[in-house]
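What the coordinates show
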Amino acid sequence: MDSITSIIEPNNIKRLLNTEFVARHIEYFDKTDSTNEEAKRRPHLPSGTLFISDTQTAGKGRLGRKWESPGKDGIWMSLLLKADIPPDKIPQITLIAAISVCRALGNGSKIKWPNDIVIGTRKVCGILTEMSGGTSYIILGTGINVNNAGFAPELKEKATSLFIETGKKFERSEIIAAVMNEFEPLYKKFSENGFSAVIDEYKNLCITLDKDVRLIYRGAEIVGGAIDIAENGGLIVQTQNGIITVTSGEVSVRGIYDYV
Ligand code: ADP
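We now turn to the structure provided with this report. All of these numbers come straight from a predicted model, not from anything done at the bench.

Turning our eyes to something else, we now look at the pairing of strand β5 (residues 116-119). Burial along β5 is two-sided: the face carrying Asp116 and Val118 and the face carrying Ile117 and Ile119 are both buried. As paired strands, strand β4 (residues 109-112) and β5 are joined by four bridges and run antiparallel to one another. By the bridge assignment, Lys112 is partnered in β5 with Asp116. Counting the residues that bridge the hairpin from β4 to β5 gives three residues. Pairing of β5 with strand β6 (residues 122-132), which is carried by four bridges, proceeds in the antiparallel orientation. Within the sheet, the bridge partner assigned to Ile117 lies in β6 and is Cys125. Hairpin geometry of β5 and β6 is characterised by an intervening segment of two residues between the two adjacent antiparallel strands and by a positive phi of about 65° at Gly120.

Now for the environment of Leu79. As for its placement among the helices and strands, Leu79 is situated in strand β3 (residues 74-82). The class of Leu79 is buried, set by a relative accessible area of 2%. Sequence separation between Leu79 and Ile7 is 72 residues; the distance between their C-alpha atoms is 19 Å. Residue contacts for Leu79: discarding those within four places in its chain leaves Val22, Ala23, Gly48, Thr49, Leu50, Ile138, Ile139, Leu140, Met180 and Phe183.

As a further point, take the state of the cysteines. For the structure on display, the rule yields zero disulfides. As a non-bridged cysteine, Cys102 has Cys125 as the owner of its nearest cysteine sulfur, 8.3 Å distant. For Cys102, a relative accessible area of 5% puts it in the buried group. Here Cys206 is not cross-linked by a disulfide; its sulfur's nearest cysteine counterpart is in Cys102, at 9.5 Å.

What describes a pair of aromatic rings is the distance from one ring centre to the other and the angle between the planes of the rings. With the rule as written, the count across this model stands at three aromatic pairs. Judged by centre distance (5.4 Å) and plane angle (25°), the rings of Phe183 and Tyr187 are stacked. Note that Phe183 and Tyr187 are positioned in helix α5 (residues 172-193) at a spacing of four residues, about one turn of the helix. Classification of Phe183 as buried rests on a relative accessible area of 2%. Classification of Tyr187 by relative accessible area gives buried; the value is 6%. Directly above the aromatic system of Phe163 lies the positively charged group of Lys169, at a separation of 4.6 Å from the ring centroid.

Right, let's talk about the site of the ligand for a bit. Near the ligand, the surroundings consist of 17 residues, among which Arg62, Arg65, Asn145, Lys158 and Arg254 are the closest. Glu68 is positioned such that a nitrogen or oxygen atom in its backbone is 2.8 Å from a nitrogen atom of the ligand. Measuring from an oxygen atom of the ligand, one finds a side-chain N or O atom of Arg254 at 2.8 Å. More than half of the atoms of the ligand fall within 2 Å of the grid points belonging to the largest pocket.

By the definition in use, this model includes two cavities of 30 Å³ or more. By volume, the largest cavity amounts to about 70 Å³. Every residue lining the largest cavity is listed: Met77, Leu79, Ala97, Ser100, Val101, Leu140, Thr142, Val179, Met180 and Phe183. The set of elements that each furnish at least two residues to the lining of the largest cavity consists of β3, α3 (90-105), β7 (137-145) and α5. Among the residues making up the lining of the largest cavity, the classes are represented as eight nonpolar, two polar and no charged. Counted as a void, the second largest cavity has a volume near 50 Å³. Considering the residues around the second largest cavity, the lining is formed by Lys112, Ile207, Thr208, Lys211, Asp212, Val213, Val253, Arg254, Gly255, Tyr259 and Val260.

We now examine the environment of Ser47. Tracing the chain through its elements places Ser47 in the loop between α2 (35-41) and β2 (50-56). For Ser47, a relative accessible area of 25% gives the class partly exposed. C-alpha separation for the pair Ser47 and Val22, spaced 25 residues apart in sequence, amounts to 7.6 Å. What Ser47 contacts, discounting residues up to four positions off in sequence, is Phe21, Leu80, Leu81 and Lys82. At 2.9 Å, the side chain of Ser47 forms a polar contact with the backbone nitrogen of Lys82.

Conventions adopted
- Residues numbered from 1 in each chain as written.
- Predicted model: local features only at pLDDT ≥ 70, side-chain atom pairs only at ≥ 80, totals over all residues.
- Heavy atoms only, no water.
- Buried < 20%, exposed > 50% of the residue type's maximum accessible area, 1.4 Å probe, protein only.
- Helix = DSSP H or I, 4+ residues; strand = E, 2+ residues; numbered from the N terminus.
- Pairing = 2+ DSSP bridges.
- Contact = heavy atoms within 4.5 Å.
- Disulfide = S-S within 2.5 Å.
- Phe/Tyr/Trp six-rings, centres within 6.5 Å; stacked < 30°, edge-to-face > 60°.
- Lys NZ or Arg CZ within 6 Å of the ring centre and 35° of its normal.
- Near = heavy atom within 4 Å.
- Polar contact = N/O pair within 3.5 Å; in protein donor to acceptor, adjacent residues only side chain to side chain.
- 1 Å grid on protein atoms, 1.4 Å probe; cavity = no way out; pocket = protein on both sides within 12 Å on 5 of 7 lines; lining within 4 Å.
- Sits in = over half its atoms within 2 Å of the grid points.
- Points joined across faces, edges and corners; volume = space filled by probe spheres on them.
- Nonpolar A, V, L, I, M, F, W, Y, C, P; charged D, E, K, R; others polar.

Taken by themselves, the reported measurements are silent on function.
Take a look at the structure:
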């Protein structure tokens, strides 16, 4: 696959964009701790600024977990969004971002509630939304495994890449532009009409629904059946003791037997 370039070129991304403000300004790094941290250090940049790093030395998942971000193979990026969004609606931005990644990646990618994109039973993408400066800005971090040929032993069972799934290498700039092009109209729809405007598409893509799941909350486990997505984006679970709604940020969800 010689035609695949090994560097991400911001101008190549910009050529492919049909957005108004999303990714119109790009900050590119060869290496940084985390693109979410870069965005936090530069909140004065325009809304829609996209931070991309070829390698992250301290990529993060939720709840302080580590996100493997090796150079050349993946997309590690964060979008700075400045908008007056109430704190309880911020997790919904993660859900919208998940829809846009699914649309852009195709190849059977689905959403594992709330913030992971999976192909089959393995994770191809993780999304981490953070707020900073009160709620005056939101940082939407997205990590996508694109051309990775393999993973460290501890991740092998739960991680995959587009290359592993399809046998093809992908141009990272094209995928970045595709995600941005999908995200902007969804984000506008959400800003104008709320999460209910996109909930049907989210449910259609969400493989967690209609499955038995283990909810891991502060070390304790609850088993139940995931029955629906709430109007606020929470996961509605039927447990032995009744129906509960859990919100992202506080729980991890696993399948009964494996990761999905
Ligand atoms: P979850 O809620 O599924 O535990 P997080 O959103 O907290 O996931 O993401 C962090 C977890 O993702 C890590 O604990 C690790 O197991 C896994 N992980 C780390 N790097 C990668 C990667 N590049 N691809 C897929 N999974 C990863």
